[in-house]
Amino acid sequence: MCIVIGMSVGFALLGLLESGPRHGYDLKRFYDERFGHGRALHYGQVYSTLARLLKNGLVEVESEPGDGPERKRYAITSAGVTDVAGWLAQPEKPEPYLQSTLYTKVVLALLTGRDAADLLDGQRAEHLRLMRELTRRKSDGDLADQLICDHALFHLEADLRWLELTAARLDQLADQVRP
Amino acid sequence: MRAGRWGGELALGVRLSVAGRSGWARLAMISVGVGLGVAMLLIAATIPSLVAARDARLAARAVVAAEPVPRGADTLLTAAVDSHYRDRTIHGRLVRPEGARAPLPPGVTRWPAPGEMVASPALAQLLTAEEGALLRGRWGARVVGTIGAPGLAGPGEYAFYLGSDRLTEDSATRIRSFGTRDADEGIAAILLLLGAVGLVVLLLPVAVFLATAVRFGGEARDRQLAALRLVGADAAMTRRIAAGETLAGALLGLVAGGLLFLVAGLLAARFVPADLSFYLADLRPAPALAALVVVLVPVAAVLVTVSSLRRVLVEPLGVVRRGGDRRRRLWWRLILPVTGLGLLAPMFSGGSGLTDGFAYQVMAGVAALLIGVALLLPWLVAAAVRRLGGGGVAWQLAVRRLQLDSGTAVRAVSGIAVSVAAAIAVQGLLVAVQAQYTQETGRDTGRFQVVVLPHAGTQERWSASLSTASGVRAADSVAQVTATPARSAAQAAGTRLKVGDCAVLRQLAALDACADGDTFVVAGPNAAVPRAGSAYTLGEPGERAPGWTLPASARTVPAVRGDLPQAGTTLLVTPAALRGTRPDLSFFDLYVGLDPADPDALDRLRNAAAQVDPTAQVMLIQTRTVEETLVGIRQGLLVGATALLLLIGASMLVNIVEQLRERRRLLAVLVAFGTPRATLAGSVLYQMAIPVLLGLSLAVVTGAGLAAILQATASAPIRFDWLGIGATSGAAALVILLTTTASLPLLWRLTKPGGLRSE
Amino acid sequence: MASPMADDALLTAEDLHLSFGPTPALSSASLRVHAGEVLALMGPSGSGKSTLLHCLAGILSPDSGRVRFDGHDLSAMSDARRSALRRTEFGFVFQFGQLVPELSCLENVALPLRLAGVGRRQAQRSAAEWLDRLEVADVAGKRPGQASGGQGQRVAVARALVTRPRVIFADEPTGALDSLNGERVMRLFTAAAQQTGAAVVLVTHEARVAAYSDREAVVRDGRVREQEYVR
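Because the structure is a prediction, the values reported are computed rather than measured. (Residues numbered from 1 in each chain as written. Chains lettered and ligands numbered in written order. Predicted model: local features only at pLDDT ≥ 70, side-chain atom pairs only at ≥ 80, totals over all residues. Heavy atoms only, no water.)

Looking now at the overall build of chain B. The helix and strand inventory of chain B stands at 19 helices and 19 strands. Put simply, of all contacts in chain B between residues at least 6 apart along the chain, 82% involve residues at least 24 apart. As presented, chain B carries roughly 35,700 Å² of accessible surface, and 62% of it is formed by carbon and sulfur atoms. (Helix = DSSP H or I, 4+ residues; strand = E, 2+ residues; numbered from the N terminus. Contact = heavy atoms within 4.5 Å. Areas by Shrake-Rupley, 256 points an atom, 1.4 Å probe, with all protein chains shown as cover.)

Counting residues at the interface gives 27 residues for chain B, matched by 26 residues for chain C. Contact between chain B and chain C buries roughly 2,600 Å² in total, counting both sides, with carbon and sulfur atoms accounting for 61%. Taken together, the links from chain B to chain C amount to three salt bridges. The tally of links between chain B and chain C comes to nine residue pairs in polar contact (both at pLDDT 80 or more). (Buried area = accessible area lost by both parts, 1.4 Å probe. Salt bridge = Lys/Arg side-chain N within 4 Å of Asp/Glu carboxyl O. Polar contact = N/O pair within 3.5 Å; in protein donor to acceptor, adjacent residues only side chain to side chain.)

In this section: the interface of chain A and chain C. Counting from both sides, the interface comprises 20 residues of chain A and, opposite them, 19 residues of chain C. Here chain A packs against chain C, burying approximately 1,500 Å² in sum over the two surfaces, 50% of which is carbon and sulfur. Our count for the chain A to chain C interface comes out at six salt bridges. We note a salt bridge from Arg132(A) to Glu216(C), for which the minimum N-O separation is 2.7 Å. Residue assignment for the side of chain A that touches chain C shows that the elements contributing at least two residues are α6 (116-140) and α7 (143-168) of chain A. Counting residues per element, the side of chain A that touches chain C draws most heavily on α6(A), which supplies twelve residues.

Residues and elements named next belong to chain B. If you check helix α15 (residues 601-612), its first and last C-alpha atoms are 17 Å apart, about what twelve residues at 1.5 Å a residue would give, namely 16 Å. For α15, the buried fraction is high: ten of the twelve residues fall into the buried class. Those residues of α15 that fall on the buried side of the exposure criterion are Ala601, Leu602, Asp603, Leu605, Arg606, Asn607, Ala608, Ala609, Ala610 and Val612. (Expected span 1.5 Å × (residues − 1). Buried < 20%, exposed > 50% of the residue type's maximum accessible area, 1.4 Å probe, protein only.)

Before going further, it helps to examine the environment of Ala474(B). All names here are of chain B. Position of alanine 474 relative to the elements: it lies in strand β11 (residues 472-485). As a C-alpha pair, alanine 474 and phenylalanine 448 span 26 residues in sequence and 7.4 Å in three-dimensional space. Beyond its immediate stretch of four places on either side in the chain, alanine 474 contacts Phe448, Tyr591, Val592 and Gly593.

Residues and elements named next belong to chain B. Enumeration according to the criterion identifies one disulfide over all chains in this entry. With its sulfur 1.9 Å from that of its partner, cysteine 502 forms a disulfide with cysteine 514. Its S-S torsion of approximately -80 degrees makes the covalent link between cysteine 502 and cysteine 514 left-handed. In this pair, cysteine 502 sits in helix α14 (residues 502-505) while cysteine 514 sits in the loop between α14 and β13 (519-523), placing the two residues twelve residues apart along the sequence. Overall, the relative accessible area of 16% leaves cysteine 502 in the buried class. (Disulfide = S-S within 2.5 Å.)

Time to look at the packing of aromatic side chains. For the structure on display, the rule yields ten aromatic pairs over all chains. Their ring planes at 10 degrees and their centres at 4.6 Å tell us that Phe11(A) and Trp87(A) sit as a pair that is stacked. Of this pair, Phe11(A) sits in helix α1 (residues 2-18) while Trp87(A) sits in helix α4 (residues 78-89), and the two are 76 residues apart along the sequence. In this pair, the class of Phe11(A) matches that of Trp87(A), namely buried. Between the aromatic rings of Trp395(B) and Tyr686(B), the centroid separation amounts to 5.1 Å while the plane-to-plane angle is 85 degrees, which identifies the pairing as edge-to-face. Of this pair, Trp395(B) sits in helix α11 (residues 393-404) while Tyr686(B) sits in helix α18 (residues 677-713), and the two are 291 residues apart along the sequence. Taking the ring centre of Tyr43(A) as reference, the NZ or CZ of Lys28(A) above it sits at 5.2 Å. When the ring centre of Trp87(A) is taken as origin, the NZ or CZ atom of Lys105(A), which lies over that ring, is 5.2 Å away. (Phe/Tyr/Trp six-rings, centres within 6.5 Å; stacked < 30°, edge-to-face > 60°. Lys NZ or Arg CZ within 6 Å of the ring centre and 35° of its normal.)

The next thing to look at is unusual backbone geometry. Residues and elements named next belong to chain C. A positive phi is found at aspartate 15, a non-glycine position, where the angle reads about 50 degrees. Here the phi dihedral of glutamate 172 falls at roughly 50 degrees; this positive angle occurs in a residue that is not glycine. By the element assignment, glutamate 172 lies in the loop between β7 (167-171) and α6 (179-196).

The next subject is the sheet that holds strand β3 (residues 73-76) of chain A. Residues and elements named next belong to chain A. If you trace the three strands from one edge of the open sheet to the other, you get β1-β3-β2, paired in antiparallel fashion. Edge positions in the open sheet fall to β1 (22-23) and β2 (59-62), since each of these has one partner strand only. Relative to β3, β1 runs antiparallel, the two sharing two bridges. Counterpart to arginine 22 in the pairing with β3 is tyrosine 74. Against the sheet, helix α3 (residues 43-55) contacts β2 and β3, and its axis sits at roughly 105 degrees relative to β2. (Pairing = 2+ DSSP bridges. Axes fitted to C-alpha atoms, helices over the stretch in contact; angles between N-to-C directions.)

Residue and element names in this part refer to chain C. Two elements in contact, helix α3 (residues 105-115) and helix α5 (residues 149-161), have axes whose closest approach is 7 Å; the angle formed by their N-to-C orientations is 25 degrees. Judged on the interaxial angle alone, α5 and α3 are roughly parallel. Handedness of the α3/α5 crossing: right-handed. Together, Cys105, Asn108, Val109 and Pro112 of α3 and Val155, Ala158 and Arg159 of α5 make up the contact between the two elements. (Parallel < 35°, antiparallel > 145°, perpendicular 65-115°, else oblique. Left-handed = near helix turned anticlockwise from the far one by under 90°.)

All names here are of chain B. With four of its five residues buried, strand β1 (residues 76-80) lies for the most part within the structure. As paired strands, β1 and strand β3 (residues 88-97) are joined by five bridges and run antiparallel to one another. Looking at the pairing, alanine 79 lines up with leucine 94 of β3.

Attention shifts here to the nonpolar core. Side chains of a nonpolar character, in soluble globular proteins, are inclined to be buried together. Core analysis: the biggest nonpolar cluster contains 98 residues, and Leu31(C), Leu52(C), Leu56(C) and Phe169(C) have the highest contact counts within it. Per element, the largest residue contribution to this core is 14 residues, and it comes from α18(B). In this structure Leu52(C) touches Leu16(C), Leu26(C), Ala29(C), Leu31(C), Leu41(C), Val219(C) and Val224(C), once residues within four positions along its chain are discounted. Membership of the second largest hydrophobic core comes to 51 residues, among which are Leu17(A), Leu102(A), Cys149(A) and Ala174(A). (Core = buried A, V, L, I, M, F, W, Y, C linked by side-chain atoms within 4.5 Å.)

With that out of the way, let us pick up the packing of α3(C) against helix α4 (residues 120-133) of chain C. All names here are of chain C. At their nearest, the axes of α3 and α4 sit 8 Å apart, and the two run at 120 degrees to each other. The pairing of α3 with α4 is recorded here as oblique in orientation. In this structure, α3 meets α4 at a crossing whose hand is right-handed. For the pair α3 and α4, the contacting residues are Cys105, Leu106, Glu107, Val109, Ala110, Leu113 and Arg114 in the first and Arg120, Ala123, Gln124, Ser126, Ala127, Ala128 and Leu131 in the second. Per-class residue counts for the contact of α3 with α4 are nine nonpolar, two polar and three charged. (Nonpolar A, V, L, I, M, F, W, Y, C, P; charged D, E, K, R; others polar.)

So, on to helix α13 (residues 459-468) of chain B. All names here are of chain B. Every buried residue of α13 is accounted for by Trp462, Ser465 and Leu466. Buried positions in α13, seen along its axis, are confined to an arc of 95 degrees and lie on one side of it. Exposed and oriented more than 90 degrees from the buried face of α13 are Glu460 and Thr468. Where α13 is buried, its residues meet β10 (450-453), β11, β18 (588-594) and α15. (Arc of directions from axis to C-beta.)

In this structure the tally under the stated criterion is 13 cavities of 30 Å³ or more. Here the largest cavity is characterised by a volume of approximately 160 Å³. For the lining of the largest cavity, the elements supplying multiple residues, two or more each, are α11, α16 (627-662), α17 (664-672) and α18 of chain B. By residue number, the principal contributor to the lining of the largest cavity is α18(B), which donates four residues. There is about 70 Å³ of room inside the second largest cavity. In this structure, the second largest cavity is lined by Thr174(C), Leu177(C), Asp178(C), Ser179(C), Gly182(C), Glu183(C), Met186(C), Glu206(C), Arg208(C), Val209(C) and Tyr212(C). Put simply, the parts of the chain that give the lining of the second largest cavity at least two residues each are α6 and α7 (207-210) of chain C. Split into classes, the residues belonging to the lining of the second largest cavity amount to four nonpolar, three polar and four charged. (1 Å grid on protein atoms, 1.4 Å probe; cavity = no way out; pocket = protein on both sides within 12 Å on 5 of 7 lines; lining within 4 Å. Points joined across faces, edges and corners; volume = space filled by probe spheres on them.)

All names here are of chain C. Following the sequence through the fold, arginine 154 ends up in helix α5. No salt bridge is formed by the buried arginine 154. Its closest oppositely charged neighbour is glutamate 135, at 4.5 Å. Residues within four places of arginine 154 in sequence aside, it is in contact with Leu134, Glu135, Val136, Arg184, Val185 and Leu188. (Lys, Arg positive; Asp, Glu negative; His and termini not counted.)

This part covers a positive patch on the surface. Residues and elements named next belong to chain B. The grouping of Arg661, Arg664, Arg749 and Lys752 at the surface amounts to a positive patch. One can find lysine 752 in the segment after α19 (722-750). Among the residues examined, lysine 752 registers a relative accessible area of 48% and is labelled partly exposed. (Patch = residues over 30% accessible without salt bridge, like charges linked within 9 Å, V, L, I, M, F, W, Y side chains within 5 Å. Charge placed at Lys NZ, Arg CZ, Asp CG, Glu CD.)

Spelled out as structure tokens, the structure:
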């Protein structure tokens with residue numbers, strides 16, 4: 001879970017930078033407002049993530065002379081944009097407790113002017129692919145298999161419902177995240 | 001307390017009946033339906049009082065010739081001078097008061113002097129109108145007054161009292177007062193019973209229609225009730241609310257029925273023929289019957305509603321119809337028809353004595369049989385439909401539907417069955433009677449078309465007067481005299497001698513050849529043919545009565561039906577065959593031939609005859625007798641049966657429309673998977689046709705059987721009225737087609753693409 | 001049988017537009033259904049999935065655009081020909097209220113065959129076989145009202161399959177059933193369709209039902225986003 005969050009924090013910060021260069025402090029505030037859900041990022045986490053991104057060439061620093069490290073402005077590189085696009089387009093592996101990552105993706109897509117509905121459709125297709133597989137396995141398996149598969153199916157179905165609901169409310173959400 | 005709550009629930013029902021568009025629509029349908037039924041009931045309740053009032057007035061002016069009345073200051077001489085003008089019947093009387101206190105007929109305030117007349121308004125109007133120009137010269141009298149309502153059968157009646165100074169004791173009846181008081185109690189009771197049976201038969205379909213009308217829109221009502229249950233009404237409360245709703249419709253229907261009745265009465269008063277005209281003042285339903293209608297219709301409406309709810313479970317979340325799987329039992333349905341047949345059984349062995357008790361038995365039997373038909377029908381339809389199978393998809397859909405619920409269809413048809421059975425029975429009886437009395441009489445109208453039966457005037461005077469009338473082509477007379485056999489007193493009864501030339505004798509009997517000097521014998525059914533040489537005394541046996549002998553050349557010939565009395569022997573004699581004998585030939589009939597091209601010739605003849613003797617009867621020679629009345633009655637029955645079928649068709653249409661609405665989704669699904677609309681229409685057609693045809697077959701069998709029994713009772717030859725049966729069946733087929741056709745637009749609309757979208 | 005579309009699609013919708021009054025139900029909807037596949041039509045309620053299904057089945061005619069079945073343009077056919085096509089080439093399963101309540105389950109299944117002119121005995125024999133395959137042989141003689149909801153839907157499936165149609169249209173076939181019964185219906189349904197080689201167009205809003213499909217298409221605001229067809 002931490003890893004998931006850790007990974008998505010990186011993409012989230014990248015995505016946030018796509019709309020324009022920002023200071024680290026601004027990035028943290030932005031992130032906390034939209035994705036924090038009551039749990040703010042530590043400054044340390046923000047800067048370590050940015051450092052990693054910098055090392056990978058996904059962001060670059062626009063120095064403002066004489067202002068010290070806190071006043072560094074970060075900007076996304078074209079490699080970073082590609083990376084964000086790839087991440088958004090790649091459906092998540094259907095797993096439990098996926099919402100926060102998906103939510104992050106949807107908001108970023110909206111923020112960066114990408115098609116969030118496409119993203120959701122892609123995710124739905126991925127979910128359904130897994131559900132088909134489970135359904136197939138269920139019809140071949142014994143009762144224990146069936147019960148286990150059903151458990152997974154019901155969870156996936158719940159995710160899909162959430163996807164539908166989100167898809168139906170994209171316009172509303174877009175109004176909120178794009179002031 | 002409790003009553004108050006019930007009242008509140010009934011009131012809620014009344015309020016629901018006017019809630020929303022569908023509520024109003026339902027209320028309107030129920031009140032129009034109930035109104036139609038109520039109007040018919042009120043008409044039925046009015047006819048007895050209408051007839052009674054008319055009979056009372058006719059009885060008040062009747063002239064009864066009882067024992068001889070001596071002449072006095074309070075006596076009146078009078079004679080009937082009924083006449084015709086074109087197709088109008090005119091009731092007329094000659095009057096001659098014999099003293100100052102002579103009785104005035106009802107509705108008349110002054111005596112007409114000789115040459116004056118008091119006329120009914122209709123006659124007075126006719127006499128002054130262009131149309132009555134030819135009639136004005138008939139009696140040559142001045143109209144000096146009008147007959148008031150108390151002296152007329154109806155406002156349209158043509159009637160007059162004509163003053164005369166020529167009436168004598170011989171040619172007239174002497175009375176002290178008009179009117180008769182002795183009504184035949186026994187006959188009235190039987191007629192009452194007959195009327196009651198007729199009423200039952202007539203009103204059963206009306207009752208069925210009322211029951212159907214009350215159920216109009218029942219589906220929507222049930223859904224409404226389900227909604228009420230959801231907010232806490234219990235089953236009994238919903239029943240009372242439904243009752244309140246129906247009551248609103250029934251009460252409104254009573255008002256509508258009253259209005260319809262008035263409109264129908266006013267229209268009838270304007271358009272009925274003069275013979276049947278009635279005074280609007282008499283257009284009052286018998287109070288007891290009217291009260292019965294006013295009380296029974298709402299009560300029956302409520303009962304029908306409550307009993308129809310008995311088979312429906314109104315649950316908070318919807319309406320459940322209890323399945324029609326209960327088997328109908330046969331045995332108790334057979335009780336009434338079997339009883340009826342038992343009561344009618346003696347008729348097969350030739351019911352002879354039509355005593356009062358016997359007549360009651362017939363009535364009871366007929367009623368039991370007819371009502372039994374209505375009871376038998378549900379079982380018959382259920383049993384027959386259960387055995388139906390095979391056929392195409394449309395047939396299968398209809399049959400299965402009927403198998404599941406035949407009750408609705410049967411309710412609609414049972415009314416028909418009784419009425420049509422009764423109509424066929426009565427028609428069958430009429431046909432038999434008609435056949436008996438209206439077989440071709442063989443009377444020849446080639447030469448003579450009219451017979452005049454004079455009461456006064458000599459042959460010479462008549463011949464002279466008639467031959468000068470324009471339009472008269474031939475006038476011939478035949479005289480009659482009683483012939484008393486000289487030897488055998490036992491043979492005395494009814495031998496008569498008729499004298500006339502060959503042309504006129506041919507009107508009386510089928511003569512093969514005839515010349516002046518011939519004599520013919522017509523023997524009655526039970527009379528012996530007299531032998532040649534039999535001697536007779538002609539005229540009243542007495543001092544100057546001449547004798548006459550039947551010549552050996554006399555031939556026996558068959559009579560022509562209609563002109564000769566059936567009993568006894570008639571001797572037809574040409575003038576030369578009298579061989580000089582001069583009997584008193586003052587009783588004679590005149591045979592008159594008219595110009596067929598002149599439509600007014602008959603009325604000119606009537607005018608001419610009235611000049612000689614106003615009391616003379618002028619009759620048309622008919623090739624067929626009684627025909628017209630019977631044809632009229634038969635047509636009336638056919639019209640009535642068709643009207644009933646239409647009524648039933650209307651209620652079946654309402655049923656089918658409700659059913660189609662109820663299953664709009666199913667219809668859409670059926671169309672989706674490719675069911676042709678023709679198949680769906682076909683299933684509607686079969687669904688109507690099967691019960692109607694079953695009901696009609698039962699009705700035809702019962703009716704024809706009943707007709708056979710009634711014919712046996714009337715000792716008429718048994719014949720079936722195929723024409724009537726055919727016409728009734730044809731009308732039924734037509735009604736089925738019409739009803740189906742009328743339901744098609746809705747079917748088309750419900751099966752339009754997009755019917756599936758109604759979820 | 002050479003289709004102008006160089007494609008193996010059995011049933012295609014091209015650029016369909018259809019409005020009910022002022023509200024557009026379909027706006028430029030296109031879709032392909034391939035022989036033998038189970039295609040799920042998903043989407044929020046009111047998105048136009050049922051309308052699209054009705055257009056594909058020739059029940060509704062679009063205002064513009066074309067529906068082709070096996071190379072034939074449905075909108076160019078007469079109503080009678082479309083009815084005949086629905087009788088012989090298509091099968092239908094709806095959510096509820098589709099069985100004739102007076103007929104026995106067996107007669108309900110035999111109905112499409114009889115409409116297609118098959119004799120009664122023959123039709124009922126085939127119907128009995130199908131009832132057996134869908135594991136509802138025991139309700140053959142009962143009326144639909146006497147069978148349970150799940151049994152009723154399986155009878156409806158048997159009726160859709162009995163004419164061996166090439167496409168079966170199913171509009172929320174399990175919508176009125178609990179999940180266990182719904183799954184049983186879907187399992188038997190898809191298995192039987194696969195055996196006969198019939199394509200299934202399945203309208204559903206339930207993911208677990210859609211999971212029985214091979215492919216899904218999402219209808220949103222009258223448009224279709226179709227998942228790629230991979231043989």
